[in-house]
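# Residue-level structure breakdown
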Amino acid sequence: MKDTFTVVAFGDVVGPYATEKLCRKLRSIKDKYSADLAIVNAENAAKGNGLDVPSADALLNAGADVLTGGNHIWKRHEIQDYLEEAPYVLRPANYPDSCPGRGSVIVECGRVRVLVMNILGTVYLDPLQSPFDAADRMLRENRGNYDISVLDFHAEATAEKIALANWLDGRVGAVFGTHTHVRTADARLLPKGTAYITDIGMTGRPDSVLGVDTGAIIFHMRTHMPTKFNVSDGETETGIAVITFDRKTKKAISITSADERI
Ligand SMILES: [Fe+2]
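Here the structure is a predicted model, which means the values were calculated and not measured.

A word on the overall build of the protein. When you go through the protein residue by residue, the secondary structure sums to six helices and 13 strands. Against the compact-globule benchmark of 18 Å for 262 residues, the protein has a radius of gyration of 17 Å, which places it among compact chains. Structurally, the protein occupies a C-alpha span of about 55 × 40 × 35 Å along its principal axes. In the protein, which comprises 262 residues, the share counted as buried stands at 49%. Long-range pairs, those at least 24 residues apart, make up 64% of the contacts in the protein with a sequence separation of at least 6.

With that settled, the discussion passes to the environment of Leu189. As for its position among the elements, Leu189 is in strand S9 (residues 188–189). Assessed through the 17 C-beta atoms surrounding it within 10 Å, Leu189 is described here as partly exposed. Sequence separation between Leu189 and Ile253 is 64 residues, and the spatial gap between their C-alpha atoms is 7.8 Å. Setting aside its immediate chain neighbours within four residues, Leu189 contacts Ala195, Ala252 and Ile255.

Here the focus is the sheet that holds strand S5 (residues 104–109). The mixed open sheet is built from six strands, whose spatial order is S5-S6-S7-S8-S10-S9. Whereas interior strands pair on both sides, the edge strands pair on one side only; in this sheet they are S5 and S9. As paired strands, strand S6 (residues 112–120) and strand S7 (residues 148–154) are joined by seven bridges and run parallel to one another. Directly across from Val114, in S7, lies its bridge partner Ile148. Lying over the sheet, helix H4 (residues 131–141) contacts S5, S6 and S7, oriented at roughly 160° with respect to S6. Against the sheet, helix H5 (residues 158–167) touches S7, strand S8 (174–178) and strand S10 (195–197), its axis set at about 165° to S8.

So, how was this worked out
- Residues numbered from 1 in each chain as written.
- Predicted model: local features only at pLDDT ≥ 70, side-chain atom pairs only at ≥ 80, totals over all residues.
- Helix = DSSP H or I, 4+ residues; strand = E, 2+ residues; numbered from the N terminus.
- Rg over C-alpha atoms; globule rule 2.2 N^0.38 Å.
- Buried ≥ 20, exposed ≤ 12 C-beta atoms within 10 Å, placed from the backbone.
- Contact = placed C-beta atoms within 7 Å.
- Pairing = 2+ DSSP bridges.
- Axes fitted to C-alpha atoms, helices over the stretch in contact; angles between N-to-C directions.

If you want it as structure tokens, here you go:
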């Protein structure tokens, strides 16, 4: 058995076209990086954003081990029941307890138990429970039951992402950001060992505005008139983070990011 454990995280999948493309390539990307666990942010996988059941099932069948969400997770009404039944499909943990679903799950990968968490930022987004308190609560509730922990922090503000990662430094194996659809150039190990990147980017068409047709966005921004946002088809990439842990110490030893053509 290899002496490392690798997690690959895929940035926000934008629309059915990108979902289908990722499904075709997900296993080969996992193999390329010898990944033991794949996490996909899927809150925009459905047509018109949100997550629908067929897209979630397709991504899980294609090799995703956990799907994470964000502020668009509730867009499709049908997802509410699904989130109750699908333990490996998360919604941010800091939504009220009365919301369906869960914000964390422990995945057993052979002998390694990985706690995967999902939290939504509160700067420029909904005023939910403090992400700092939500992270502390999940770590407290799962203490002793996992070997490695990973957090998808779905947030807008870079400062909030960096601050939360530093709050968790040394207590969480990896914190990676999603939501902005733009991959940042700051993948690094923090002083106490947490692997961190502010945003891993998106799964969608680079020649677009965050995955949406450029013309439609420019029209909307110039006129402020209602516009149909078509999701771009064509040459597609997926922004990923690859985080490698030492199997013995369970500590992160590296984090890199890339855009993979799919
Ligand atoms: Fe989002």
